[in-house]
Structures are given as C-alpha cells and as structure tokens.
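# Chain and residue survey
As a plain string of letters, each chain reads:
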Amino acid sequence: MEDPQLHKIAISGPTLASMIQRFSSSLGDVDGFLFGHVTQITPSNLSDDSSSSDSDSQLVATITGFFCSGQNLSFYDSLGRVNSLRVPSPNNHQHHNLIGWFSGRRQSPLRPSLREFSVTNSLSKTPQFRFSVKTSSQSLTNQTLTPSVFILFTTPLTDQLIHTHQYRAYQLHASNKLSSSSSLPSPSFHAKSLDVVNIGPAFRGHYGSFTPNCALPLLNCDTRNSCSAMNVESLTSHREKISDQKQLDSCAEGFRVETLSRLMGPEASSYTGAVEDLYEKMLAKIDSLARLVETSSDKVLELENHNRKLRFKVARSSGLE
C-alpha cells in the first residue's frame, strides 16, 4: 500500500533543541526514534466553489517526542536491515506513534546516505508499526501510514568559530518512476519543510485545539481557602504547604496556579498572553540578577587585586628590613 505524501512536518522548539543538544553532547554519531502523530487538516479556504472535497485536505506530521540511543547502528546492521526487537513498541510509549527516525553525524554533507535510505525503507515495510491518521477533532480515520519520516542532523565539513548544526526533514515516498527490476514505483526521499512551533502571537492558533498527553499533576499548594484542611492534616504538612505557596507566589508574580489548568483546551488562546507576560517578567528578573552577579564579580576581583598589592607591599617592606 502506497502512503500519501505529507504536506509538512511540525516540531516544537524545545523538542528540536533537545535533539540537537543530545547530538552535540554525544561522543560520536547518534540515531534514534521519532514519536508523534499525523493529522489530516482541511484548509478553510473561502471560495464560492461548492465542489471542494477531501482531496484538498493536507497531512501534517507532528513530532511530540524522541528517543536517542546515544550511539550509531543501535537498531539496524551495516546494511540497513532493521532489527524489530530493538525498536520500542509504540503502544507502550508516551508519545503516540512511531512516525520515523533520525540520524546525527558530524562533518558530513547534509544529504541522506544509502544506509539511511535502506534503514528508512526497512522501517516503513514493517507492518506492526503502521498507525492511523487523525483528524483535527482527534478522531481516527481509516487511513494508515508507516514510519517514513527521517530527519538528518549534520555539522559543517570544516570547523567554524560559531558552533553550527544543520538539519533537514525527509519522507520516504514512492515516486512516479518505475524501477527497472519491478513494475512498482521505486521509493525515494522527498524533502519536507520542518515547521518549528514556538510560543508567540503568530503561533497561538497551534494551541487552540491542544490535547495533552497526560493531565497536569495535582498541586495542592493553594491554602488561602483551606481552613478545613487543618482538621485532616497535621500542622507540619500545613506549614509546608504555606511555605510552598509563598515560594510559588514569589516566582509567579501574582499568577495563580489554578490558571495553569486554563492553558489546555479551547480557552487556551485567551490565556497565552498572560503566560508570555509572566515569562517576560521572569526574564527581566534573570537579567537583573545577571547584572548583579557581574557587578559583584567585579567588586570581588577588585578586592582580590587590592589584597594582592597589599601583600606585595608587606613582603617588600619585610625584605628591606
């Protein structure tokens, strides 16, 4: 069965930064798995034509997590043959489905190798890794896909003053050309745009229909209206909760913990501005703290230089006597 083409691949900024960090901090080349889901989205184009159908819909692959092995050839051999026993089960993983894999290698061209093509082809032919496509309302469709997404990370061929990482996303898809040895279309890599989703005014629409993988942990830190809790809990635990609430208030600048629950669901777009304002205040605090540390370091250095000169004068006067 031939998989349809993806319109684009989306990934959050922290997830992409975490993948680059794991690659840059490793001792050598690395590889790993990509987890996420594929959603069928129908663009809301304003048109008088009533003949629009599902053919206008687009498939968007969203990467929600990854697993880095910390080494190369972790689940395949030198010929690119995948060992399915070393591939984690998508049902037991917290990040939905296995949609592909990634490879990171240093000082090499930013193009897939024959081995990487063979690994992706072998991974996409494994039937137990097929998964269903979702709709915008998070319901499953009858359409299924294979883990055909591949992301390549490389570094420049020559050392540079600025630490640079390059990346490019691909999808293994059957081309229109027929192979010479078969009447079936031969698979090939198709470059796909990688949409990095970040927090900001231009990306608030991405969080309107956000559905969390797991619920937020229960935070019983609000003790303003919990007078009856004294009858159940001990005085020590009550004092601990008051202390925790004071610490949260000092960091949150009046942002109540209860407001965090409103950041999920259809009402999230009206509360993202408050979170951004909170981040700006925290960044201002960090900047002020950094300037304070810099000033303190200068004073400490000045004091050390003064003490060094004073010791030199004392030693010199001792030698003259």
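Let us look at the structure shown here.

Reading the values: rules and limits
- Residues numbered from 1 in each chain as written.
- Predicted model: local features only at pLDDT ≥ 70, side-chain atom pairs only at ≥ 80, totals over all residues.
- Heavy atoms only, no water.
- Helix = DSSP H or I, 4+ residues; strand = E, 2+ residues; numbered from the N terminus.
- Buried < 20%, exposed > 50% of the residue type's maximum accessible area, 1.4 Å probe, protein only.
- Contact = heavy atoms within 4.5 Å.
- Areas by Shrake-Rupley, 256 points an atom, 1.4 Å probe, with all protein chains shown as cover.
- Phe/Tyr/Trp six-rings, centres within 6.5 Å; stacked < 30°, edge-to-face > 60°.
- Core = buried A, V, L, I, M, F, W, Y, C linked by side-chain atoms within 4.5 Å.
- Patch = residues over 30% accessible without salt bridge, like charges linked within 9 Å, V, L, I, M, F, W, Y side chains within 5 Å.
- Salt bridge = Lys/Arg side-chain N within 4 Å of Asp/Glu carboxyl O.
- Pairing = 2+ DSSP bridges.
- 1 Å grid on protein atoms, 1.4 Å probe; cavity = no way out; pocket = protein on both sides within 12 Å on 5 of 7 lines; lining within 4 Å.
- Points joined across faces, edges and corners; volume = space filled by probe spheres on them.
- Nonpolar A, V, L, I, M, F, W, Y, C, P; charged D, E, K, R; others polar.
- Polar contact = N/O pair within 3.5 Å; in protein donor to acceptor, adjacent residues only side chain to side chain.

## A short note on the overall build of the protein
The secondary structure content of the protein amounts to 4 helices and 10 strands. Within the protein, buried positions represent 32% of all 321 residues. In the protein, 68% of the contacts between residues at least 6 apart in sequence involve partners at least 24 apart. Accessible area for the protein stands at about 20,700 Å²; split by element, carbon and sulfur atoms hold 54% of it.

## Observations regarding the packing of aromatic side chains
Counting across every chain of the model gives 13 aromatic pairs. Between the aromatic rings of F75 and W101, the centroid separation amounts to 5.8 Å while the plane-to-plane angle is 85°, which identifies the pairing as edge-to-face. Of this pair, F75 sits in the loop between strand 3 (58–68) and strand 4 (97–105) while W101 sits in strand 4; the two residues are 26 residues apart in sequence, bridging distant segments of the chain. Residue F75 is classed as buried on the basis of its relative accessible area of 0%. Using a relative accessible area of 0% as the deciding quantity, one classes W101 as buried. An aromatic cluster of three or more residues is present, and its members are F33, F67, F75, Y76, W101, F117, F150, Y170 and F189.

## Thoughts on the nonpolar core
Counting 25 residues, the largest nonpolar core has L6, I9, L34, V38, F102, I151 and F153 as its most contacted members. Elements with a minimum of two residues in this core: strand 1 (8–12), helix 1 (13–24), strand 2 (30–41), strand 3, strand 4, strand 5 (131–135) and strand 7 (149–154). No other element matches strand 3, which puts 5 residues into this core. If near-sequence neighbours (up to four positions away) are discounted, I9 is found in contact with A61, I63, V149, A169, Y170, K192, S193, L194 and D195. If you look at the next biggest cluster of nonpolar residues, it comprises 17 residues, including L98, W101, F150 and L152.

## A closer look at a nonpolar patch on the surface
Residues L289, L292 and V293 make up a contiguous nonpolar surface patch of roughly 290 Å² in combined accessible area. Tracing the backbone shows L292 in helix 4 (residues 272–320). A residue is classified by how much of its surface remains accessible, and L292, at 53% relative accessible area, is exposed.

## What about the pairing of strand 6 (residues 140–145)?
In this structure, strand 5 lies alongside strand 6, joined through 3 bridges in antiparallel fashion. Each residue of the ladder has a partner; that of F131, found in strand 6, is L145.

## Some points on the pattern of salt bridges
One pass over the structure, following the stated rule, counts 4 salt bridges. With a shortest N-O distance of 2.9 Å, E116 and R105 are connected by a salt bridge. Residue E116 is found in helix 2 (residues 114–124), and its partner R105 is found in strand 4; the two are separated by 11 residues along the sequence. For R105, a relative accessible area of 14% gives the class buried.

## Some thoughts on the side chain of T15
Checked against the element boundaries, T15 lands in helix 1. Setting aside chain neighbours within four positions, we find T15 in contact with T64 and F66.

## What to know about empty space enclosed by the protein
As enumerated under the stated definition, the model contains 1 cavity of 30 Å³ or more in all. Here the largest cavity defines a volume of roughly 30 Å³. Considering the residues around the largest cavity, the lining is formed by L6, V38, I99, F131, L145, T146, S148, V149 and Q171. By residue class, the composition of the lining of the largest cavity is 6 nonpolar, 3 polar and no charged.

## Let's talk about the pairing of strand 4
Along any regular strand the residues' side chains alternate between the sheet's two faces. Most of strand 4 is tucked away, with 9 of its 9 residues classed as buried. In this sheet, strand 4 lies alongside strand 2 in antiparallel orientation, the contact comprising 7 bridges. Residue pairing in the sheet places L34 in a bridge with G100 of strand 4. Looking at chain direction, strand 4 and strand 7 are connected through 6 bridges and run parallel. Residue pairing across strands places S103 opposite L152, the latter belonging to strand 7.

## Describing the environment of S188
On the secondary structure map, S188 appears in strand 9 (residues 185–192). For S188, a relative accessible area of 23% puts it in the partly exposed group. Taking C-alpha positions, S188 is 8.0 Å from F117, a pair spaced 71 residues apart along the chain. There is a polar contact of 3.4 Å between the side chain of S188 and the side chain of H190.

## Topic: the side chain of S108
Here S108 is to be found in the loop between strand 4 and helix 2. Side chain to side chain, S108 and R105 meet in a polar contact 2.8 Å long. Sequence-distant contacts of S108, defined by excluding residues within four places in its chain, comprise T154, T155 and L157.

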